[in-house]
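# Observations on the model geometry
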Amino acid sequence: MSESIEFTIRSATATDVGVLLRMIRALAEYENLSQEVVATEAALHEALFGVKPVAEAVLGYVGREPVAFAVFFPTFSTFLAAPSLYLEDIFVEPGWRGRGLGKRLFAHVAATALERGCDRLEWAVLEWNAPAIEFYRSLGAEPREKWTVYRLDNAGLRRLVPSRDSTPSA
């Protein structure tokens, strides 16, 4: 079914920041996390296309219409002594789901991982997101048993790290 759809995937460019931010907001709305989106076009531009990019994005198009995106970045496994990729987000617009586009986008990111010598691709999924979990399992992915994700938000980081202004210089 998806083979008849003209679906192309390309690396995002600086001119795509607005499209990416729109889809990031749509993803956050789907995940009931809209209140957590504080990203701006300027911040997204700096993160993806600034002097020191920290992540990459690809866009999926049906014809000329952007309908999907993925954002990923390199990580490292000390146990494997090898690079990995972390898939931060993958999203297909609701009207285009169920046509194999997500699988093609996911395969594109997986191919990128292999091209870069990565031994694995990892990501997180919300526990309640049964459609995503079913999709990932259909790809052969398995959940990590006995692992729990932890996070320090910006306020937590600032509580942990003393102010750099008060630290004596060397």
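Just above sits the structure.
Report on the accompanying structure. (Residues numbered from 1 in each chain as written. Predicted model: local features only at pLDDT ≥ 70, side-chain atom pairs only at ≥ 80, totals over all residues. Heavy atoms only, no water.)

### Examining the pattern of salt bridges
Pairing of side chains with opposite charge becomes possible as their charged atoms draw close. As enumerated under the stated definition, the model contains four salt bridges in all. For the salt bridge of Asp16 with Arg10, the shortest nitrogen-to-oxygen distance reads 2.8 Å. Accessibility expressed as a relative area gives 5% for Asp16, which makes it buried. Across the pair Glu122 and Arg120 runs a salt bridge, and its minimum N-O distance is 3.9 Å. For Glu122, a relative accessible area of 27% translates into the label partly exposed. (Salt bridge = Lys/Arg side-chain N within 4 Å of Asp/Glu carboxyl O. Buried < 20%, exposed > 50% of the residue type's maximum accessible area, 1.4 Å probe, protein only.)

### Remarks on the pairing of strand β2 (residues 56-62)
On any regular strand, side chains alternate: one points to one face of the sheet, the next to the other face. For β2, the buried fraction is high: six of the seven residues fall into the buried class. Of the pairings in the sheet, the one linking strand β1 (residues 7-11) to β2 comprises five bridges and is antiparallel in character. Looking at the pairing, Phe7 lines up with Val62 of β2. Here β2 pairs with strand β3 (residues 65-77) via seven bridges, running antiparallel. Bridging from a neighbouring strand, Tyr61 pairs with Pro66 of β3. What sits between β2 and β3 in their antiparallel hairpin is a turn of two residues, with Gly63 showing a positive phi close to 60°. (Helix = DSSP H or I, 4+ residues; strand = E, 2+ residues; numbered from the N terminus. Pairing = 2+ DSSP bridges.)

### Brief notes about the side chain of Asp16
Relative to the assigned elements, Asp16 resides in the loop between β1 and α1 (17-30). Here Asp16 is in contact with Arg10, Ser11, Leu59 and Tyr61, once residues within four sequence places are set aside. (Contact = heavy atoms within 4.5 Å.)

### What to know about unusual backbone geometry
Phi angles above zero are rare outside glycine, and Ala81 is one such case at about 50°. Relative to the assigned elements, Ala81 resides in the loop between β3 and β4 (82-92). Its relative accessible area of 59% is what places Ala81 among the exposed residues. One non-glycine residue, Lys146, adopts positive backbone phi at about 70°. Relative to the helices and strands, Lys146 is located in the loop between α4 (130-138) and α5 (154-160). Given a relative accessible area of 86%, Lys146 falls into the exposed group.

### Overview of the sheet that holds β2
Pairing between the strands of a sheet comes from backbone hydrogen bonds, and it takes one of two forms, parallel or antiparallel. Read across the sheet, five strands follow the order β1-β2-β3-β4-β5 without closing on themselves; strand pairing throughout is mixed. Single-partner strands in this sheet number two, and they are β1 and β5 (121-122).

### Quick notes on the packing of aromatic side chains
Tallying each qualifying case throughout the model produces eight aromatic pairs. Centroid distance Phe106 to Tyr136: 5.9 Å. Interplanar angle 45°. Geometry classified as tilted. Residue Phe106 is located in helix α3 (residues 101-115), and its partner Tyr136 is located in helix α4; the two are separated by 30 residues in the primary sequence. Looking at Phe106, the relative accessible area reads 7%, which means it is buried. Here Tyr136 falls in the buried class, since its relative accessible area comes to 11%. Ring geometry for Phe135 against Tyr136: centres 5.5 Å apart, planes inclined by 55°, an arrangement best described as tilted. Among the aromatic residues, those joined into a ring-pair cluster are Phe106, Trp123, Phe135 and Tyr136. (Phe/Tyr/Trp six-rings, centres within 6.5 Å; stacked < 30°, edge-to-face > 60°.)

Honestly, that's just the spatial picture; any functional story needs more than this.
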